[in-house]
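Chain by chain, the residues run as shown.
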Amino acid sequence: MSEPTVKPATRGAGSWLRWTVAALFGLIYSFAIWVAVFALVLASQGNTGLTPAGVGVGLMPVIFPVLVYAGVVLAGRRLWVWKQALLFLAGFALVGVFWLDVVMLQVAAQSSLVGAG
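Before we move on, can you summarise the overall build of the chain with the specific residues and values?
Per the secondary structure count, the chain includes 4 helices and 0 strands. Among the 117 residues that make up the chain, the fraction classed as buried is 26%. Put simply, of all contacts in the chain between residues at least 6 apart along the chain, 80% involve residues at least 24 apart.

So this is what it looks like as structure tokens:
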């Protein structure tokens, strides 16, 4: 006979720790979002402004961390707290790599993302 597996607690003492970990990582993810908003505003304040493609590329790093955070919250809700924290950390690493990719795209395609002066 197989023994029953122990599932992590979803209510009670473990629940507050799970939400605390999610809130702390939420602050870290929100930092990535605000940096992306700052970069978008800074880029749009130039003399020439941004093209629609430039706005789209600038909005990608604003939207992507929200999607990753929501995915990690949904995927990690039944995991142990330390596994959930590792999942949040891996998601933030993915956000960082995506941010660097977008920065390199903005540098490489700058002439098509900035409006003509």
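Can you explain the layout of surface pockets? Please cite residues and give values.
Empty space among the atoms becomes apparent when a probe as large as a water molecule is rolled across them. Put simply, the largest pocket is a space of about 260 Å³. Lining the largest pocket are 14 residues, with Ala43, Leu50, Gln106, Leu113 and Val114 positioned closest to its centre. Of all the secondary structure elements, the ones that give two or more residues to the lining of the largest pocket are helix H1 (13-44), helix H2 (52-75), helix H3 (81-108) and helix H4 (110-113). Here the residues of the lining of the largest pocket are counted per class, giving 10 nonpolar, 4 polar and no charged. A volume near 210 Å³ is recorded for the second largest pocket. Looking at the second largest pocket, it is lined by 10 residues, and the ones nearest its centre are Arg18, Trp19, Val73, Arg77 and Gln84.

Quick rundown of H2? Include the residues and the values.
Between its first and last C-alpha atoms H2 spans 34 Å; for 24 residues at 1.5 Å apiece the expected length is 34 Å, and the two agree. At Met60, H2 shows its strongest bend, of approximately 30°, with the proline Pro61 following within four residues.

Report on the environment of Phe88, specifying residues and quantitative values.
Along the polypeptide, Phe88 turns up in helix H3. On the basis of relative accessible area, Phe88 is assigned to the buried category, the value being 0%. Contact partners of Phe88, with chain neighbours within four places excluded, come to Val21, Ala22, Phe25, Tyr29, Tyr69, Val72 and Val73.

Give a detailed account of H3, specifying residues and quantitative values.
The end-to-end C-alpha separation of H3 is 41 Å, in line with the 40 Å expected for 28 residues at 1.5 Å each. Of all the residues in H3, the buried ones are Val81, Gln84, Phe88, Gly91, Val95 and Val102.

Could you give me a rundown of the nonpolar core, with the residues and numbers involved?
Of all hydrophobic cores here, the largest spans 10 residues; its members are Val21, Ala22, Phe25, Tyr29, Ala32, Val68, Val72, Val81, Phe88 and Val95. Where this core is concerned, the elements lending two or more residues are H1, H2 and H3.

Please provide a residue-by-residue account of the packing of aromatic side chains, values included.
Considering all chains together, one arrives at 6 aromatic pairs under this definition. Where Tyr29 meets Phe88, the ring centres are 6.4 Å apart and the plane angle is 75°; that geometry is what we call edge-to-face. With a gap of 59 residues between them, Tyr29 in helix H1 and Phe88 in helix H3 connect regions that are remote in the sequence. What links up through ring pairs into an aromatic cluster is the set Phe25, Tyr29, Tyr69, Phe88 and Phe92.

So, how was this worked out
Residues numbered from 1 in each chain as written. Predicted model: local features only at pLDDT ≥ 70, side-chain atom pairs only at ≥ 80, totals over all residues. Heavy atoms only, no water. Helix = DSSP H or I, 4+ residues; strand = E, 2+ residues; numbered from the N terminus. Buried < 20%, exposed > 50% of the residue type's maximum accessible area, 1.4 Å probe, protein only. Contact = heavy atoms within 4.5 Å. 1 Å grid on protein atoms, 1.4 Å probe; cavity = no way out; pocket = protein on both sides within 12 Å on 5 of 7 lines; lining within 4 Å. Points joined across faces, edges and corners; volume = space filled by probe spheres on them. Nonpolar A, V, L, I, M, F, W, Y, C, P; charged D, E, K, R; others polar. Expected span 1.5 Å × (residues − 1). Bend = angle between axes of the 7 residues up to and from the residue. Core = buried A, V, L, I, M, F, W, Y, C linked by side-chain atoms within 4.5 Å. Phe/Tyr/Trp six-rings, centres within 6.5 Å; stacked < 30°, edge-to-face > 60°.

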